[in-house]
Amino acid sequence: MFENLNKAVLLSFGEQVGSNSGLFTAIVDFEEVSGKLGGFKKDYTKMELVAAEGAVASLTIGSQITVRGKTYRVADKFDDGGGMVRIPLTDPVSGSAPEGTNWMENI
């Protein structure tokens, strides 16, 4: 139902992202957020991708992703029920969220 809309959005706002499975188009979201973390005011970055469900079907938690020349890992995959998937990213070495990341906040 949303397939044509999803394609149009990815075509307009997406960019090429690399993975072990090849290239796919995703919206790259490095949103700067201010909020409280552990009771303290903190600025942090939510690092995630939004992509078509079919394009990322083979990605699993821990899969390597290359975005703008930097390597990350898939932290999780959240299906929106309309053919798109939100993919939070983690640090490639430690496997933890990049410093200050809080990608679970809006769930």
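Residues numbered from 1 in each chain as written. Predicted model: local features only at pLDDT ≥ 70, side-chain atom pairs only at ≥ 80, totals over all residues. Heavy atoms only, no water.

Asker: Now, about the nonpolar core: what can you tell me, with residues and values included?
Answerer: By size, the foremost hydrophobic cluster in this structure holds 16 residues, and its most contacted members are Val-17, Phe-24, Leu-49, Ile-65, Val-67, Ile-87 and Leu-89. Counting only elements with at least two residues in this core, the list comes to strand 2 (22-37), strand 3 (40-52), strand 4 (64-67), strand 5 (70-74) and strand 7 (84-90). (Core = buried A, V, L, I, M, F, W, Y, C linked by side-chain atoms within 4.5 Å. Buried < 20%, exposed > 50% of the residue type's maximum accessible area, 1.4 Å probe, protein only. Helix = DSSP H or I, 4+ residues; strand = E, 2+ residues; numbered from the N terminus.)

Asker: Go over the pattern of salt bridges with me, naming the residues and quoting the values.
Answerer: Tallying each qualifying case throughout the model produces three salt bridges. Between Arg-68 and Glu-15 there is a salt bridge; the shortest N-O distance is 3.0 Å. One end of the pair, Arg-68, is in the loop between strand 4 and strand 5; the other, Glu-15, is in strand 1 (residues 15-19), with 53 residues separating them in the sequence. By relative accessible area, Arg-68 is classed as exposed at 56%. For Glu-15, a relative accessible area of 26% corresponds to the partly exposed category. The salt bridge partner of Glu-48 is Arg-86, with a shortest N-O separation of 3.1 Å. With Glu-48 in strand 3 and Arg-86 in strand 7, the pair connects residues that are 38 residues apart, well separated along the chain. (Salt bridge = Lys/Arg side-chain N within 4 Å of Asp/Glu carboxyl O.)

Asker: Residue-level account of the environment of Ala-57, with values.
Answerer: Residue placement: Ala-57 occurs in the loop between strand 3 and strand 4. Residues Ala-57 and Lys-77, 20 residues apart in the sequence, show an inter-C-alpha distance of 9.7 Å.

Asker: Can you tell me about the side chain of Ser-19, naming the residues and giving the values?
Answerer: Assignment of secondary structure puts Ser-19 in strand 1. For Ser-19, a relative accessible area of 17% gives the class buried.

Asker: Account for the pairing of strand 7, naming residues and giving values.
Answerer: With six of seven residues buried, strand 7 is to be regarded as a mostly interior element. As defined by bridge partners, strand 5 adjoins strand 7 across two bridges and the pair is classed as antiparallel. Opposite Arg-73, over in strand 7, you have Thr-90 as the bridge partner. Bridge analysis of strand 6 (residues 78-79) against strand 7 gives two bridges, and the strand direction is antiparallel. Pairing of Asp-79 across the sheet is with Val-85, part of strand 7. Between strand 6 and strand 7, which pair antiparallel in sequence order, lie four residues; one of them, Gly-81, sits at a positive phi of approximately 80 degrees. (Pairing = 2+ DSSP bridges.)

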